[in-house]
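Report on the structure
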Amino acid sequence: CIRDSLNPLQMTVTTRTKTIKKIIAINEVSIFRQSRQTTKLEVYIDGKLQIKQLTGDGLLIATPAGSTAYNLSAGGQILHLDSKKIAMTPISPFRPRGLKGKAISNKSKIIIKNLDKKKRPVSAVSDNTEIRNAHIVKISINTKIQFRLLYNKKSGLVERNIAEQFKF
């Protein structure tokens, strides 16, 4: 089965000054420290607290298309394009110790809160669009938008994605 379209991530950011911005991402959304201070993030998935306090450089949420880029470099797993999953990968986590990335359902609703917005400001980046001083970031798949994939059938995105999964 060759997938010919992808749904992007939808990022809704509420800043420290209560400005709300919505942006889509084909590859990934990253929440990243904006200063020399590490982040202190709280992470909810589908309304349930999953990480009480993530201390580190940040957190990355990637689509299957984006899982072979920044997500892979941050130690996340590669997702097959038809996996119906999104990758959630910590960026240089300090605490909790040993925190690894995981694949979660693409139907999940993720909420990330900055626990120390004054001392430890964070940026929310959707592909290449940055929103500074993010306080609350909501992320989910936008099923109303579809991007059609155009590729060479001999070396398409699906084949390249599979080749990356099985590189040794």
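Residues numbered from 1 in each chain as written. Predicted model: local features only at pLDDT ≥ 70, side-chain atom pairs only at ≥ 80, totals over all residues. Heavy atoms only, no water.

**What about the side chain of threonine 12?**
Tracing the sequence through the fold places threonine 12 in strand 2 (residues 9-15). With sequence-adjacent residues up to four places away left out, threonine 12 is seen in contact with Ile20, Lys21, Lys22, Ile136, Val137 and Lys138. (Helix = DSSP H or I, 4+ residues; strand = E, 2+ residues; numbered from the N terminus. Contact = heavy atoms within 4.5 Å.)

**What about the pattern of salt bridges?**
Overall, the coordinates contain three salt bridges when judged by the stated rule. Arginine 33 serves as the salt-bridge partner of aspartate 57, at 2.7 Å between the closest nitrogen and oxygen. A residue pair is termed long-range when its members are at least 10 positions apart, and aspartate 57 in strand 6 (residues 48-62) and arginine 33 in strand 4 (residues 28-33) qualify at 24 residues. (Salt bridge = Lys/Arg side-chain N within 4 Å of Asp/Glu carboxyl O.)

**Some points on the nonpolar core**
Counting 26 residues, the largest nonpolar core has Ile110, Ile112 and Val137 as its most contacted members. A total of five residues in this core trace back to one element, the largest contributor, which is strand 11 (residues 129-141). In contact with isoleucine 112, other than residues within four places in its own chain, are Ile31, Leu41, Glu42, Val43, Leu59, His135, Ile136, Val137 and Ile139. Judged by nonpolar contacts, the second largest core, of five residues, contains Leu60, Ala62, Ala87 and Ile91. (Core = buried A, V, L, I, M, F, W, Y, C linked by side-chain atoms within 4.5 Å. Buried < 20%, exposed > 50% of the residue type's maximum accessible area, 1.4 Å probe, protein only.)

**Describing unusual backbone geometry**
The residue after arginine 95, namely proline 96, is reached through a cis peptide bond having omega -5°. Here proline 96 shows up in the loop between strand 7 (85-95) and strand 8 (102-105). In this model, lysine 84 sits at a positive phi of 60°, which is unusual for a non-glycine residue. Checked against the element boundaries, lysine 84 lands in the loop between helix 1 (70-73) and strand 7.

**Focus on the packing of aromatic side chains**
One pass over the full model with this rule turns up zero aromatic pairs. Looking at arginine 97, its charged tip hangs above the ring of phenylalanine 94, at a distance of 4.3 Å from the centre. (Phe/Tyr/Trp six-rings, centres within 6.5 Å; stacked < 30°, edge-to-face > 60°. Lys NZ or Arg CZ within 6 Å of the ring centre and 35° of its normal.)

**Points about the pairing of strand 8**
Pairing analysis gives four bridges linking strand 7 to strand 8, with the strands arranged antiparallel. Along strand 8, the bridge assignment pairs lysine 85 with serine 105. Linking strand 7 back to strand 8 in an antiparallel pair, the connection comprises six residues, with glycine 98 at a positive phi of about 75°. (Pairing = 2+ DSSP bridges.)

These values are about where atoms sit, not about what they do.
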